[in-house]
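# Observations on chain architecture
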Amino acid sequence: MLIPFSAMNAVPYWLMYQEKSPLVHCMTNHVVQNFTANVLLATGGSPAMVPSIEECGDFTTIASALLINVGTITAPTAEAMLASAKVAYETGTPWVLDPVAIGPALYYRTEIVAQLLQYKPTVIRGNVAEIKTLAGEVAQSKGVDSQEDFREAVIYAEQVAREFNTVVAMTGRHDIITDGQKSYEVSIGTKQLTKVTGTGCSLSALVAGLIGASQDVVEAAATACYVVSLAGMRAAEKSEGMGSFAVSYLDELSFINADSLFALAQAEEEKTEVL
């Protein structure tokens with residue numbers, strides 16, 4: 001059974017995130033580094049990118065959370081990612097795995113993700129095709145975008161969460177966040193989020209920030225998905241094209257705080273009571 005995730009659910013976790021301003025070690029692809037940093041800064045987090053094998057492990061020990069995104073993986077970055085994941089596992093640092101574009105067509109990254117999984121990611125954030133691949137199913141994708149039917153894939157998200165003892169945040173038309181037992185659904189959002197490079201990757205960084213500020217992983221990950229969907233929806237209402245949408249999206253992220261979420265929750269409750 002899917003539980004709708006609402007603004008009221010998000011309030012305490014967003015408050016903790018913004019109060020703590022967690023330091024997020026982002027080992028992410030080079031296409032999205034600037035956008036990812038801006039998303040964390042706009043929301044109140046603290047981003048850092050330390051990619052070298054000589055430093056990444058040491059930096060992981062002082063970070064609040066770690067993100068590993070294999071989007072533009074190379075042999076040197078894979079070595080560094082594995083080293084940081086190992087440190088996170090040994091130190092109990094929460095970390096997020098973003099298995100970008102894994103599948104039979106891209107063997108190398110798929111093999112590296114298999115190695116990363118031994119270090120027990122706290123959250124796996126991916127699209128439907130990526131999650132189905134982790135579940136051992138053959139998935140269809142176009143680039144990094146899934147072409148799978150979203151609701152039919154919920155069972156695979158829950159399967160992956162149970163198999164790897166993790167939380168899965170599977171994003172798409174609706175977002176599903178599950179630990180294999182409790183499953184939330186975020187049903188707001190906009191298709192325009194899929195047309196700006198880095199929105200998914202930066203969401204993974206925001207998930208890392210939220211789990212770095214709270215011990216309730218499912219709720220924290222769902223809060224990140226909810227806030228991103230809310231900001232995207234509001235930006236779509238105000239922008240005229242994709243350029244203005246990208247800027248408006250960062251603006252809307254910066255406007256969201258615990259008070260504004262609480263006000264939204266009250267408005268939603270009053271609307272429900274009227275209906």
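None of these values were measured; they are calculated from a predicted model. Along every chain, residues carry numbers that run from 1 in the direction the sequence is written. With pLDDT at 70 or above as the cut-off, local features in this predicted model cover only qualifying residues; side-chain atom pairs require 80 or more to be listed or tallied, and sums for whole chains, interfaces and linings still use all residues. Processing note: side-chain calculations cover all non-hydrogen atoms of the structure and skip hydrogens and water entirely.

### As for the pairing of strand β2 (residues 23-27)
Burial here depends on accessible area, computed with a 1.4 Å probe over protein chains only, as a share of the maximum for the residue type. Under 20% is buried, over 50% is exposed, and the range in between is partly exposed. The secondary structure listing takes helices from DSSP runs of H or I that are at least 4 residues long and strands from runs of E that are at least 2 residues long, numbered from the N terminus. Among the five residues in β2, four count as buried, and that is most of the element. Note: β2 against strand β3 (residues 46-48), three bridges, orientation parallel. Looking across to β3, one finds that valine 24 is bridged to proline 47. Any two strands with at least two DSSP bridges between them are considered paired.

### Structural notes on helix α2 (residues 33-43)
Those residues of α2 lying buried are Phe35, Thr36, Ala37, Val39, Leu40 and Thr43. Two residues form a contact once any of their heavy atoms are found within 4.5 Å. Where α2 is buried, its residues meet α1 (7-20), β2, β3, α8 (199-213) and α10 (242-255). Taken from the residues just after α2, glycine 44 is the one with a positive phi, measuring 110 degrees.

### Concerning the UniProt feature "binding site: substrate" (unreviewed entry) in the chain
Under the local residue numbering, the UniProt record ascribes the feature "binding site: substrate" (unreviewed entry) to Met49 and Gly198. Given the relative accessible area of 28%, methionine 49 is considered partly exposed. Non-local contacts of methionine 49, meaning those with residues more than four positions away in its chain, are made with Cys26, Thr28, Gln33, Thr36 and Ala37. Summarising the element assignment, glycine 198 is placed in the loop between β11 (183-186) and α8. With a relative accessible area of 8%, glycine 198 lands in the buried category. If near-sequence neighbours (up to four positions away) are discounted, glycine 198 is found in contact with Val32 and Phe35. UniProt positions are given in the numbering used here, feature names are shortened, and annotations may be inferred rather than shown by experiment.

### Description of the pattern of salt bridges
Note on definitions: salt bridges are taken to be side-chain nitrogens of Lys or Arg within 4 Å of carboxyl oxygens of Asp or Glu. Enumeration according to the criterion identifies four salt bridges in this entry. Of the charged contacts in the structure, one is a salt bridge between lysine 86 and glutamate 90, with a shortest N-O distance of 2.5 Å. On the criterion of helical spacing, the pair formed by lysine 86 and glutamate 90 is a turn pair, its members being four residues apart in helix α4 (residues 75-91). By relative accessible area, lysine 86 is classed as partly exposed at 36%.

### A word on a negative patch on the surface
Here the term patch refers to residues with relative accessible area over 30% and no salt bridge, with like charges joined within 9 Å and nonpolar side chains (Val, Leu, Ile, Met, Phe, Trp, Tyr) within 5 Å. Methods summary: accessible areas were calculated by the Shrake-Rupley approach with a probe of 1.4 Å, and residue burial reflects only the protein chains presented. Counted as positive: Lys and Arg. Counted as negative: Asp and Glu, with His and the chain ends omitted from the count. Where a charge lies is defined by one atom per residue type: Lys uses NZ, Arg uses CZ, Asp uses CG and Glu uses CD. Negative charge collects at one region of the surface, where Glu54, Glu55, Asp58 and Glu79 lie side by side. As for its placement among the helices and strands, glutamate 79 is situated in helix α4.

### Observations concerning unusual backbone geometry
Even without a glycine there, the phi angle at serine 21 is positive, about 45 degrees. Overall, the relative accessible area of 32% leaves serine 21 in the partly exposed class. The backbone of alanine 101 sits at a positive phi, close to 60 degrees, despite the residue not being glycine. Within the element layout of this structure, alanine 101 appears in the loop between β5 (95-98) and α5 (107-116).

### A word on the side chain of threonine 178
In this structure, threonine 178 sits in strand β10 (residues 175-178). On the accessibility criterion, threonine 178 (0% relative accessible area) is buried. We call two N or O atoms a polar contact when they sit within 3.5 Å, provided that within protein one can donate a hydrogen and the other can accept it, with sequence-adjacent residues counted only if both atoms are side-chain atoms. A distance of 3.3 Å separates a polar atom in the side chain of threonine 178 from the backbone oxygen of lysine 182. Excluding residues that lie within four positions of it along the chain, threonine 178 makes contacts with Ala157, Glu158, Ala161, Thr166, Val167, Val168 and Ser183.

### A few points about the sheet that holds β5
Strand order in the open sheet formed by nine strands is β1-β11-β10-β9-β6-β5-β4-β2-β3, with mixed pairing between adjacent strands. The open sheet has two edge strands with one neighbour each: β1 (2-4) and β3. If you compare each strand with its neighbour and ignore which way they point, the axes differ by 20 degrees on average. Direction of pairing for strand β4 (residues 65-69) relative to β5: parallel, over a ladder of four bridges. Considered in β5, the bridge of leucine 67 is made with valine 96. Axis lines are fitted through C-alpha atoms, for helices just across the contact stretch, and the angle between N-to-C directions can take any value from 0 to 180 degrees. Where helix α9 (residues 217-238) meets the sheet, it contacts β6 (123-127), β9 (167-171), β10 and β11, and its direction lies at approximately 10 degrees from that of β11.

### A few points about the nonpolar core
Residues enter a nonpolar core if they are buried and are Ala, Val, Leu, Ile, Met, Phe, Trp, Tyr or Cys, with the set joined through side-chain atoms within 4.5 Å. Ile177, Tyr226, Tyr249 and Leu261 are the most contacted members of the largest nonpolar core, which has 53 residues in total. With sequence-adjacent residues up to four places away left out, isoleucine 177 is seen in contact with Val167, Val168, Ala169, Lys182, Ser183, Tyr184, Val186, Val218, Ala221, Ala222 and Cys225. Ranked by size, the runner-up nonpolar core spans 37 residues in total, among them Met27, Ala88, Ala101 and Ile176.

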